[in-house]
Amino acid sequence: MKCRVCREPAVIDIRRHNANFCSDHFLRLVRDQTTKAIDEFQMIRPGERVLVAVSGGKDSLALWDVLNELGYEADGLYIGLGIGGYSDRSGEMTRAFAADRGLTLHEVDLRAEYDTDVPTAAKATRRVPCSACGMSKRHLFDQAALDGGYDAVATGHNLDDEAAVLFGNTLRWQTEYLARQLPVLPARPGFPRKIKPLVRLGEREMAAYCVLRGIDYIVEECPMAVGNKHLGYKEALNAIEATSPGSKHDFYFGFLARAAERFRDAAPAALESGDLATCERCGSPSTSEVCAFCRLIERSAGHEPVTLTRKGKPL
Ligand code: AMP
Ligand code: FES
Ligand code: ZN
Ligand code: ZN
């Protein structure tokens, strides 16, 4: 197996590119594909400041690393979700990464600042944990970016993530989600721009990038996500990709090129026009008097904390 570029021994094969790469040329490919996504979708303009949402996982740590390598001004944001030992370990990984490289990391801790955490909020509000978690993260990303004067929030969503979400949304024809499933969501009053610079890269590539760059990341999955539908969609797409390399890419980029535009009118009108009220608790834009995040906090703060356990042991 030889590198497509220099013919030296290769360390990775990428079937959808029908090519193998040595370490140096693979790292270059990751940087080039990130640059291509940033340019193609106009994610970051010269001089802008980016806030990278970092979970301690491979994708977001790699993204933070690549953006710095490419010379962008990119600081990190870690949200302590209070998901038992999983959150403790992911926080440690993120802090260690930032300290080793002298990068600026902001932190928001749900328990310390809002007197709750994801397992407790999910139980108190009878929401699916991933939905309470996702909503809280989005709110805190927006708030931290606006407070810190950042132009964009970058997340580590990769091609596998986006193809799986698209698959789920298409399966149920959730047109209001399809309308907003884009690699860039422009800034609106009260919301920073949202960008996903890793959409051209797969999960396996991000893991390889971390190994080759010596980035320590949390390998375990969130214990609350185990068995959720999203993981099932990923497995289904992996099975298709195994026999037909490039399917995920064609599915997602075909959607962007030929279908996304058709769903534009399905986005909630208030969101599109920016015609939103202001949450009377936190001041963020909202469709109701009190935003969904503040309602979640009100209903769960002070609730008996939920301890996650497996076989009687705390997780
Ligand atoms: P997930 O929803 O867990 O698949 O994560 C998607 C992206 O959200 C990650 O790539 C990160 O950019 C961001 N993210 C997830 N968890 C956190 C966290 N605890 N703190 C900051 N960013 C996060
Ligand atoms: Fe949000 Fe697991 S990371 S529920
Ligand atoms: Zn090479
Ligand atoms: Zn609010």
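Please refer to the structure higher up on the page.
Residues numbered from 1 in each chain as written. Chains lettered and ligands numbered in written order. Predicted model: local features only at pLDDT ≥ 70, side-chain atom pairs only at ≥ 80, totals over all residues. Heavy atoms only, no water.

1. Some words on the coordination of the zinc ion (ligand 3)
Then step 1. The coordination sphere of the zinc ion (ligand 3), as far as protein atoms go, consists of Cys3 (SG), Cys6 (SG), Cys22 (SG) and His25 (ND1), spread over 2.0 to 2.3 Å.
Then step 2. In this structure, the zinc ion (ligand 3) is surrounded by 4 donor atoms whose angles at the metal cover 98 to 114°, and the resulting shape is tetrahedral.
Then step 3. Sequence spacing of the donors to the zinc ion (ligand 3): C-x2-C-x15-C-x2-H. Residue Cys6 is found in the segment before strand 1 (12-14), and its partner His25 is found in helix 1 (residues 23-40); the two are separated by 19 residues along the sequence.
Then step 4. A relative accessible area of 29% places Cys6 in the partly exposed class.
Then step 5. Relative accessible area serves as the criterion here: at 15%, His25 is assigned to the buried category. (Donors = N, O, S within 2.8 Å, 3.2 Å for Na, K, Ca; no water. Tetrahedral: all angles 85-135°; square planar, octahedral: opposite > 155°, others 65-115°. Helix = DSSP H or I, 4+ residues; strand = E, 2+ residues; numbered from the N terminus. Buried < 20%, exposed > 50% of the residue type's maximum accessible area, 1.4 Å probe, protein only.)

2. Section: the packing of aromatic side chains
Then step 1. Under the criterion given, the structure shown has 6 aromatic pairs.
Then step 2. Seen from their ring centres, Phe167 and Tyr233 are 5.7 Å apart, and the 85° between their planes marks the pair as edge-to-face. A residue pair is termed long-range when its members are at least 10 positions apart, and Phe167 in helix 7 (residues 159-171) and Tyr233 in helix 10 (residues 229-243) qualify at 66 residues.
Then step 3. Here Tyr252 and Phe253 contribute two aromatic rings whose centre-to-centre distance is 5.2 Å and whose plane-to-plane angle is 80°, an arrangement assigned as edge-to-face. Of the two residues, Tyr252 and Phe253, both sit in the buried class.
Then step 4. Note that Arg49 overlies the ring of Tyr150, its terminal NZ or CZ placed 4.1 Å from the centroid. (Phe/Tyr/Trp six-rings, centres within 6.5 Å; stacked < 30°, edge-to-face > 60°. Lys NZ or Arg CZ within 6 Å of the ring centre and 35° of its normal.)

3. Overview of the site of ligand 1
Then step 1. What surrounds ligand 1 is a group of 13 residues, the closest being Ala53, Val54, Leu77, Ile79 and Gly156.
Then step 2. Interatomic distance of 2.9 Å between a backbone N/O atom of Ile79 and a nitrogen atom of ligand 1.
Then step 3. Residue Gly156 places a main-chain N or O atom 3.0 Å away from an oxygen atom belonging to ligand 1.
Then step 4. Contact with the protein chains hides 75% of the accessible area of ligand 1, taken as 480 Å² for the molecule alone.
Then step 5. Listed by contribution, the elements that provide at least two residues to the shell around ligand 1 are strand 4 (73-80) and helix 6 (129-147).
Then step 6. Top contributing element to the shell around ligand 1 by residue count: strand 4, with 3 residues.
Then step 7. Its residues assigned to classes, the shell around ligand 1 shows 7 nonpolar, 5 polar and 1 charged. (Near = heavy atom within 4 Å. Polar contact = N/O pair within 3.5 Å; in protein donor to acceptor, adjacent residues only side chain to side chain. Areas by Shrake-Rupley, 256 points an atom, 1.4 Å probe, with all protein chains shown as cover. Nonpolar A, V, L, I, M, F, W, Y, C, P; charged D, E, K, R; others polar.)

4. With respect to the pairing of strand 4
Then step 1. By the criterion of burial, strand 4 is predominantly enclosed, with 7 of the 8 residues buried.
Then step 2. One ladder, built from 5 bridges, connects strand 3 (residues 49-53) with strand 4; its direction is parallel. Looking at strand 4, one finds that Ala53 is bridged to Leu77.
Then step 3. Handedness of the crossover joining strand 3 and strand 4 through helix 2 (residues 58-69): right-handed. (Pairing = 2+ DSSP bridges. Right-handed = clockwise from strand over helix to strand, strands pointing away.)

5. Here we look at the coordination of the zinc ion (ligand 4)
Then step 1. Those donors, Cys279 (SG), Cys282 (SG), Cys291 (SG) and Cys294 (SG), are the protein atoms that reach the zinc ion (ligand 4), and they lie 2.3 Å from it.
Then step 2. Around the zinc ion (ligand 4) sit 4 donor atoms, and with donor-metal-donor angles ranging over 105 to 114° the site reads as tetrahedral.
Then step 3. Written as a sequence motif, the donor arrangement for the zinc ion (ligand 4) is C-x2-C-x8-C-x2-C. Residue Cys279 is found in the loop between strand 9 (277-278) and strand 10 (285-286), and its partner Cys291 is found in the loop between strand 10 and helix 13 (292-300); the two are separated by 12 residues along the sequence. The burial state of Cys279 is the same as that of Cys291; both residues are buried.

6. Observations regarding the layout of surface pockets
Then step 1. The volume enclosed by the second largest pocket comes to roughly 390 Å³.
Then step 2. Surrounding the second largest pocket, 17 residues form its lining, Asp160, Arg204, Glu205, Glu241 and Lys248 being those nearest its centre.
Then step 3. Contributions of two or more residues to the lining of the second largest pocket are made by strand 1, helix 7, helix 9 (203-213) and helix 10.
Then step 4. Of the residues forming the lining of the second largest pocket, the biggest block, 5 residues, is contributed by helix 10. (1 Å grid on protein atoms, 1.4 Å probe; cavity = no way out; pocket = protein on both sides within 12 Å on 5 of 7 lines; lining within 4 Å. Points joined across faces, edges and corners; volume = space filled by probe spheres on them.)

7. Brief notes about the pattern of salt bridges
Between side chains of opposite charge, a pair can form as their charged atoms come close.
Then step 1. Throughout the structure, instances matching the rule amount to 24 salt bridges.
Then step 2. With a closest N to O distance of 2.8 Å, Glu205 and Arg16 form a salt bridge. Here the residue Glu205 occupies a position in helix 9, and Arg16 occupies one in the loop between strand 1 and strand 2 (19-21), the gap between them amounting to 189 residues.
Then step 3. With a closest N to O distance of 3.9 Å, Arg49 and Asp75 form a salt bridge. Of this pair, Arg49 sits in strand 3 while Asp75 sits in strand 4, and the two are 26 residues apart along the sequence.
Then step 4. Of the residues examined, Arg49 reaches a relative accessible area of 23% and is grouped as partly exposed. (Salt bridge = Lys/Arg side-chain N within 4 Å of Asp/Glu carboxyl O.)

8. Concerning helix 2
Because an α-helix completes one turn every 3.6 residues, residues spaced three or four positions apart along the sequence face the same direction.
Then step 1. The end-to-end C-alpha distance of helix 2 is 16 Å, a good match for the 16 Å that 12 residues give at a rise of 1.5 Å each.
Then step 2. Where burial is concerned, most of helix 2 is hidden: 10 out of the 12 residues are buried.
Then step 3. Taken together, the buried positions of helix 2 are Lys58, Asp59, Ser60, Leu61, Ala62, Leu63, Trp64, Asp65, Val66 and Leu67.
Then step 4. The first or second residue beyond helix 2 is Gly71, which carries a positive phi of 90°. (Expected span 1.5 Å × (residues − 1).)

Honestly, that's just the spatial picture; any functional story needs more than this.
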